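Below are the chains, spelled out letter by letter.
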Amino acid sequence: MTTPNVRITVSNHFDTDILIIGAGPAGAAAAYHLAKQGHDVTLIDKQKFPRDKVCGDFVGPVALLELKNLGITRWQDYQDTNIVRRASLYLDGKQLISEMIPTIPGLPAFGRVIPRKQLDSWIVQVAKEAGVSVLEEHQLVAFSTDSGSVTAELRHEKTRRRFRARAIIGADGSHSLVARQLRGKKTANKDRIVAVRAYYDGVAGEADEAELYFSGESFPGYYWLFPTGKGQANVGVGMVLETVPRTDDGLKQLLKNLIARDPVLSSRLAHAQLANKIIGWPLNTYNPRLPLTADRILLTGDAAGLINPLNGEGIQYAMLSGRWAAEALHTALINNRLERPALFAYEQRVQKELRYDMALAGMIVQLIRNRILNPVWLKALELIATRARVDPDYAAITGGVLAGLIPASSVISRKVIDGTVQQAVMSLGLRTAFNTVYKPKNTLLAGIDTTRTGLDMALKSFRHTGGSLAWGLGVAIEAAELAGQILIDLGDNSNKTHHPVQITDPVRSYTE
Ligand SMILES: Cc1cc2nc3c(=O)[nH]c(=O)nc-3n(C[C@H](O)[C@H](O)[C@H](O)COP(=O)(O)OP(=O)(O)OC[C@H]3O[C@@H](n4cnc5c(N)ncnc54)[C@H](O)[C@@H]3O)c2cc1C
């Protein structure tokens, strides 16, 4: 059967080999890489492109390298986008640190701020040019799998149609229908961050500098100003959804309050005008206990929870996971094996390349979730920044981890642990948790001990603060997860380096 929009596929029984739901960076990148390998791919999105996506628009060096591999960095429109070379961190209006984006071999020493309306349509365009069939304004409303196929029900305007494929990729973002069906439940609140953003015109200050702000009001979370160039900027705030105790402030109101009260941000926006509405969207963080694959199904990007909860970055993980899913599917299609064991290579790859970053970030986020301890966490942040100002190596490592450039395993180094983080954290009685990181050889014992510390904290805080048992248990679980990841790594001799780009891409020096 042929429709004007759909290509005839390799088999009369299928409308397409691979059906990809969602044409954001994850889905469009996966589609591009599969089509380049000669596969028949259909990419659907419920929206019409170019479309907006609520985001901070900061595209870090790792994502820029992925864009380069797609051929996009040669385009004039891309080269006209705003470059950011410096990041500054403020706490309660005081500059803690201002550093150039660290230089990593093979990566650009800068990021770009690219409005998603542009970025996402570029990736869709290269996917189309690679041979992908793109169906816009097509929404997945249901799907089912059997032993030989996936049947999807798609809604387009007022019509519904069935679509048969050999496998499906869920790249349908943080409200993913594919993930919900695969996992049998919605994303838990504890795995969610909420964020809002707005564009401003007439912004004062340097265009090549991204600014991150922390304050007691916004913690656990941060607010940002990312210049898009020509006096425009993306301004927003993000916060862990489930905090102890809970915060009732609406994020839109919080952003307005922060803009009015923060001395640095308010001076940059003193003569600026809000260009459009403040809009919010959730982010899902990674939960290693949830599957990323099932028979004929893979999850990528936000649908898989691939967000760095420390900095909210997800574009790089969306593009990387799209490519990794495509590579695993390519092998699976050649072998004509699309059951979960054949797709599991993808899940293992995500684990192997991102596990430290996600486990460490998960642990930190679980700790800072407790707003009762806000003054302590903010003090720790100040100590980290103070140390970073006097120790360039320490600054490069902590800044690189925060920016998602350096694997979190780098913090298992004397340089970082001997720094002020240790002092700050030790003072909290979390000695065991950080010993886990400090002395990975003792990891198993330390992991057990850390879990005990978490339980101990859970019981104490339950008694003293009335009800934060879940928080302490969460600390125990996340600490055990982190210890477990270190343990896996110690036993894994093949994994000499953890940086995703260094593992997968031979590029050493970067040119656009
Ligand atoms: C406020 C905010 C600020 C952020 N700032 C940054 C930042 O500065 N830098 C960064 O790297 N990351 C940032 N992120 C995270 C980043 O936006 C995401 O990680 C990224 O968009 C993930 O890409 P994706 O392709 O997985 O999903 P998405 O970009 O969300 O794309 C999903 C697509 O699926 C489509 N879709 C959904 N359901 C269906 C359906 N049923 N049928 C058909 N199509 C469907 C949607 O229309 C959408 O186009 C931010 C997020 C938020 C909310």
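This text goes with the structure placed above it.
The sections below set out a description of the structure shown in this document. Note that this is a predicted model, so its numbers are computed, not measured.

Comments concerning the nonpolar core
Among the nonpolar cores identified, the biggest contains 81 residues, and Ile18, Ile20, Leu34, Leu67, Leu140, Leu329 and Tyr346 are the most heavily contacted of them. For this core, the leading source of residues is helix α8 (residues 315-334), giving 12 residues. Setting aside chain neighbours within four positions, we find Leu67 in contact with Val59, Ile72, Thr73, Tyr78, Ile114, Leu119, Ile123 and Met319. Judged by nonpolar contacts, the second largest core, of 22 residues, contains Tyr223, Ala233, Leu251 and Leu265.

Side note on the site of the ligand
In the region of the ligand, 36 residues are neighbours, and Asp45, Gly56, Phe58, Arg116 and Asp302 sit closest. Contacts to the ligand include Arg51, whose side-chain N or O atom sits 2.9 Å from an oxygen atom. One of the backbone N or O atoms of Gly312 is found 3.3 Å from a nitrogen atom in the ligand. Alone, the ligand offers 1000 Å² of accessible surface; in the complex the protein occludes 95% of this. Here the shell around the ligand takes 3 residues from strand β9 (residues 138-145), the largest share from any one element. Per-class residue counts for the shell around the ligand are 17 nonpolar, 10 polar and 9 charged.

Focus on the layout of surface pockets
Looking at the second largest pocket, its volume works out to about 290 Å³. What lines the second largest pocket is a set of 19 residues, among which Lys185, Lys186, Thr187, Ala188 and Arg192 lie closest to the centre. Top contributing element to the lining of the second largest pocket by residue count: helix α5 (residues 177-183), with 3 residues.

What to know about the side chain of Asn284
With respect to the helices and strands, the residue Asn284 is situated in strand β17 (residues 279-284). Looking at Asn284, its side chain comes within polar contact range of the main-chain oxygen of Ser174, at 3.0 Å. One polar contact links Asn284 to Arg192, side chain to side chain, over a distance of 2.9 Å. Contacts of Asn284, omitting those with residues within four sequence positions, involve Ser174, Thr187, Asp191, Arg192, Asp302, Gly305, Leu306 and Ile307.

Overview of the sheet that holds strand β7 (residues 111-113)
Spatially, the 3 strands line up as an open sheet ordered β3-β7-β4, and their pairing is antiparallel. Each having just a single partner strand, β3 (58-59) and β4 (82-84) make up the two edges of the open sheet. Two strands pair when backbone bridges link them, and β4 and β7 are joined in this way by 3 bridges, in the antiparallel orientation. Bridge assignment links Ile83 to a residue of β7, and that residue is Arg112.

Here is what the cut-offs are and how they apply
Residues numbered from 1 in each chain as written. Predicted model: local features only at pLDDT ≥ 70, side-chain atom pairs only at ≥ 80, totals over all residues. Heavy atoms only, no water. Core = buried A, V, L, I, M, F, W, Y, C linked by side-chain atoms within 4.5 Å. Buried < 20%, exposed > 50% of the residue type's maximum accessible area, 1.4 Å probe, protein only. Helix = DSSP H or I, 4+ residues; strand = E, 2+ residues; numbered from the N terminus. Contact = heavy atoms within 4.5 Å. Near = heavy atom within 4 Å. Polar contact = N/O pair within 3.5 Å; in protein donor to acceptor, adjacent residues only side chain to side chain. Areas by Shrake-Rupley, 256 points an atom, 1.4 Å probe, with all protein chains shown as cover. Nonpolar A, V, L, I, M, F, W, Y, C, P; charged D, E, K, R; others polar. 1 Å grid on protein atoms, 1.4 Å probe; cavity = no way out; pocket = protein on both sides within 12 Å on 5 of 7 lines; lining within 4 Å. Points joined across faces, edges and corners; volume = space filled by probe spheres on them. Pairing = 2+ DSSP bridges.

Remember, this is a structural readout, not a statement about activity or role.
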